[in-house]
Amino acid sequence: MLRLMIVDDEEIIRTSISRMTDYSAIGYDLIATAKNGMEAYDILRDEYPDVIITDIRMPVLNGLELIEKAKNTDSDIDFILLSGYGEFEYAKQAMQYGVRYYLLKPTDKQELIDALIQIRKEREARLLGQKRQQRQLLDSLRFPLEKSFIIEALWHEEFMDTWQKYKEVLRLPQNCQTACICSFVEESFLDAFVEDVKQLLLDVGISFQFSPIYVKSSVIFLFPVTSLLLQQPLTEKISALSYPTQSVELDIHFMHFSAVQDLFETILHKISRYSRILLLDESEQHHEIRNNLSAPWKIERLGEALCNAKSDAEITELLTETFSQPTLDLETARNIALSTYMWLNQRDNSIPLDNACDFFRKIYSCTTIQAIHEQLFVVSIHRNTDSESCSIADKSNVALIKAYISQHLDEENLSLKWLAEHYLFVSVRYLSKQFIQEEGERFSDYLNRKRMEEAKKLLVLYNNDNIKDVAKQVGFGNNPRYFSQVFKRYTGLTPSDYLAQQREHDTQL
């Protein structure tokens, strides 16, 4: 369901539009109505609507001002603009912000429904495109993710904790419940053997679901075999493979499990006793898993140090030490960043896929170790607070938000959605509930209150009527009029009246 908000200064029109149709029947959830642009802007910073139906002419913030501010805060919002005759100039201006739906008052029910359905179809098409890109990204990063998963699973005692973290990004099908163990495979013909098995599987419409694993002259293939009738001919064909350097007859056997996680838990337990494990990528390149720069104990030590860092400078020092080692190559740097990100998010049993993909995309678009270093620095700063606790699980998202707000009150486009997606890498829906639960107020109310408290201090400090400078310093950009309106709502006075009152109070003292 798409989240819908209606904004109009006339109550009868708001009510009429909100009751005009069964919005849920066309895929919408009407989450809020607002009587002016300022109220709507506060709501959207908390409630992250997908679509807003808004009038043009409204007090406080008009429709165009709302669209401009909203687009700067969340560019994904779609607008349907309502206005009367003779306001086409407003419509042209709205088009500059990407608004394509413009309906005349009185609003025609069918026109509104058609516009909402069209927006929903367009958003669904965009979502499908994003999911395709996401799948392509995960496919391109599949091997490093598999490698990171094996390293972490071998090291951690609780397999299910690791499984919960990786299962979404690995996207393993639930019918992948079969392991084919091929023993007595000499390393000298390993590449040829893996390629031949891959072709035998393709001939019957099966492909590997995980990169082949090689330990102590045994290759482990993971793929779905839905019929036991298929197992016997595959066993015979694989056993018949031979190579000039082969000295021992191949031994093939299958293992079946009731669930894919049981399969991996068993296989990883079997290979855990070997000090040298090879993972073969699509081009049959061998990747050795040993204790190196990206070993789990080193990732944990780095993660704990980043978590406990008391300043940005300390985080910088830790990451500089990690990424400036002369033997570090680009692939290892990426593995360190990926594994550290997963470790820093270990309190979330299931990391939001969109957030993880966004970080992966950034890391694997980096062409230098320094660029990877900088991306991990951003994530580490976001996860770091002044808390005395050393446990990352004790660090609250709300505490992180409050710390960020105190240091970035001048940022005009702060919203809960931006903080969730770009700062904390968590679900905005979860974050909204958590903030209200811990603070007892909405994010927008908290943000505005903090801004007004700071504005009062600045007005007294400057002791002049330069409202424009104060507005900019507390996050209202070049919009002192909007700042004055919010200030009056929270204090009952305009900034000028507040300053005059303070001067009078000082005179009396």
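None of the values given here were measured: they were computed from a predicted structure. The residue numbers shown here count from 1 along each chain, following its written sequence. Only residues with pLDDT of at least 70 are given local features in this predicted model, and only at 80 or more are side-chain atom pairs given and counted; all residues enter the totals for whole chains, interfaces and linings. The side-chain values count all of the structure's non-hydrogen atoms but skip hydrogen atoms and water molecules.

Trainee: Sorry if this is basic, but what is going on with the overall build of the protein chain here?
Mentor: Numbering of helices and strands runs from the N terminus; a helix is a DSSP stretch of H or I covering at least four residues, while a strand is a stretch of E covering at least two. A tally of helices and strands in the protein chain yields 22 helices and 11 strands. Each principal axis of the C-alpha atoms in the protein chain carries an extent, and together these give about 100 × 60 × 35 Å. Any two residues whose heavy atoms approach within 4.5 Å at even a single point are treated as in contact. Counting only contacts in the protein chain whose residues sit at least 6 apart along the sequence, the fraction spanning at least 24 positions is 71%. Values of accessible area rely on a 1.4 Å probe in the Shrake-Rupley scheme; residue burial ignores everything except the protein chains shown. When the accessible surface of the protein chain is totalled, it reaches about 24,100 Å², and 48% of it is carbon and sulfur. Each charge class in the protein chain can be summarised by its mean position, and for the 56 positive and 76 negative side chains these summaries are 3 Å apart. For the charge count, each Lys or Arg is scored as positive and each Asp or Glu as negative, with His and the chain ends excluded. Every charge is mapped onto a representative atom, which is NZ of Lys, CZ of Arg, CG of Asp or CD of Glu.

Trainee: Honestly, the packing of aromatic side chains in this entry has me stumped. Any pointers?
Mentor: For any pair of aromatic rings, the description consists of the separation of the ring centres together with the inter-plane angle of the planes. Two rings from Phe, Tyr or Trp (for Trp, the six-membered ring) form a pair when their centres sit within 6.5 Å of each other. Planes less than 30 degrees apart are called stacked, planes more than 60 degrees apart edge-to-face, and all others tilted. Across all of its chains, the model carries 23 aromatic pairs by this definition. Summarising the aromatic geometry, the rings of F159 and W163 are spaced 6.1 Å apart at their centres and angled 20° between planes, so their arrangement reads as stacked. Here F159 pairs with W163, and both are found in helix α7 (residues 159–170), just 4 residues apart, close to one helical turn. We classify F159 as buried; its relative accessible area is 7%. Arranged with centres 6.2 Å apart and planes meeting at 80°, the rings of F223 and F254 form a pair that is edge-to-face. Remark: F254 occurs in strand β9 (residues 251–256) and F223 occurs in the loop between β8 (218–222) and α9 (228–239); sequence separation between them is 31 residues. The buried label applies to any residue whose accessible area, calculated with a 1.4 Å probe on protein chains only, is under 20% of its type's maximum; exposed applies above 50%, and partly exposed to all values in between.

Trainee: Could you clarify how one ought to interpret the environment of D50 in this entry?
Mentor: Mapping D50 onto the fold places it in the loop between α2 (37–47) and β3 (51–55). Exposure remark for D50: the relative accessible area of 14% places this residue in the buried category. Not counting the four nearest positions on each side in its chain, D50 is found in contact with M1, L2, R3, D76, I77, D78 and R123. Within the local environment of D50, its side chain forms a polar contact with the side chain of R123, the two groups lying 3.2 Å apart. What qualifies as a polar contact is a pair of N or O atoms within 3.5 Å, subject to a donor-acceptor requirement within protein and to the restriction that residues adjacent in sequence count only when both atoms come from side chains.

Trainee: Would you mind showing me how to read the state of the cysteines here?
Mentor: Between two cysteines, a covalent bond joining their sulfur atoms is known as a disulfide. Any cysteine sulfur atom paired with another within 2.5 Å is treated as part of a disulfide. Per the stated rule, a full pass over the model turns up 0 disulfides. There is no disulfide at C180, and the cysteine sulfur nearest it, in C182, is 3.8 Å away. A disulfide-free cysteine, C357 has its sulfur positioned 16 Å from the sulfur of C366, the nearest such atom. Here C357 falls in the buried class, since its relative accessible area comes to 1%.

Trainee: Sorry if this is basic, but what is going on with helix α18 (residues 428–439) here?
Mentor: Structurally, the α-helix is built with 3.6 residues per turn, so residues lying three or four positions apart point the same way. Its 12 residues place the ends of α18 16 Å apart at the C-alpha level, agreeing with the 16 Å of an ideal helix rising 1.5 Å per residue. Within α18, burial applies to V428, L431, S432, Q434 and F435. On the buried face of α18, the contacting elements are α2, α16 (397–407), α17 (416–424) and α19 (443–462). A positive backbone phi angle near 75° is found at G440, which sits one or two residues after α18. The span expected for a helix works out to 1.5 Å for each residue beyond the first.

Trainee: Help me understand the layout of surface pockets, please; the structure alone is not making it clear to me.
Mentor: Computed over the protein atoms alone on a 1 Å grid, cavities are sets of points where a 1.4 Å probe fits but cannot get out and pockets are open sets with protein on both sides within 12 Å along at least five of seven lines; a residue lines them when it has an atom within 4 Å of a point. Grid points are joined across faces, edges and corners, and a volume is the space filled by probe spheres set on the points. Computed from the structure, the largest pocket encloses a volume of approximately 1,500 Å³. Taken together, 34 residues form the lining of the largest pocket, with D76, Q130, D354, K417 and E421 sitting closest to its centre. Elements with a contribution of two residues or more to the lining of the largest pocket: β1 (2–7), α5 (109–140), α14 (353–365), α17 and α18. Three classes are used: nonpolar for Ala, Val, Leu, Ile, Met, Phe, Trp, Tyr, Cys and Pro, charged for Asp, Glu, Lys and Arg, and polar for all others, with Gly counted as polar. Class assignment of the residues belonging to the lining of the largest pocket gives a composition of 9 nonpolar, 10 polar and 15 charged. Computed from the structure, the second largest pocket encloses a volume of approximately 370 Å³. Of all the secondary-structure elements, those providing two or more residues to the lining of the second largest pocket are α5, α6 (142–155) and α8 (190–203). The dominant element in the lining of the second largest pocket, judged by the number of residues it contributes, is α8, at 4 residues. Its residues assigned to classes, the lining of the second largest pocket shows 9 nonpolar, 4 polar and 7 charged.

Trainee: Where do I start with the pattern of salt bridges in this structure?
Mentor: Pairing between side chains becomes possible if they bear opposite charge and their charged atoms approach one another. When a carboxyl oxygen of Asp or Glu is within 4 Å of a side-chain nitrogen of Lys or Arg, the pair counts as a salt bridge. Following the criterion strictly, the structure yields 25 salt bridges and no others. Taking the shortest distance from any N to any O, the salt bridge between K417 and D76 comes out at 3.9 Å. Highlighted residues: K417 in helix α17 and D76 in the loop between α3 (63–73) and β4 (78–83), separated in sequence by 341 residues. K417 sits in the buried class, given a relative accessible area of 15%. A salt bridge links E441 to R449; the shortest N-O distance between them is 2.4 Å. By relative accessible area, E441 is classed as buried at 19%. When salt bridges with common partners are traced through the structure, they connect D50, D78, R123 and R126 into a single cluster.

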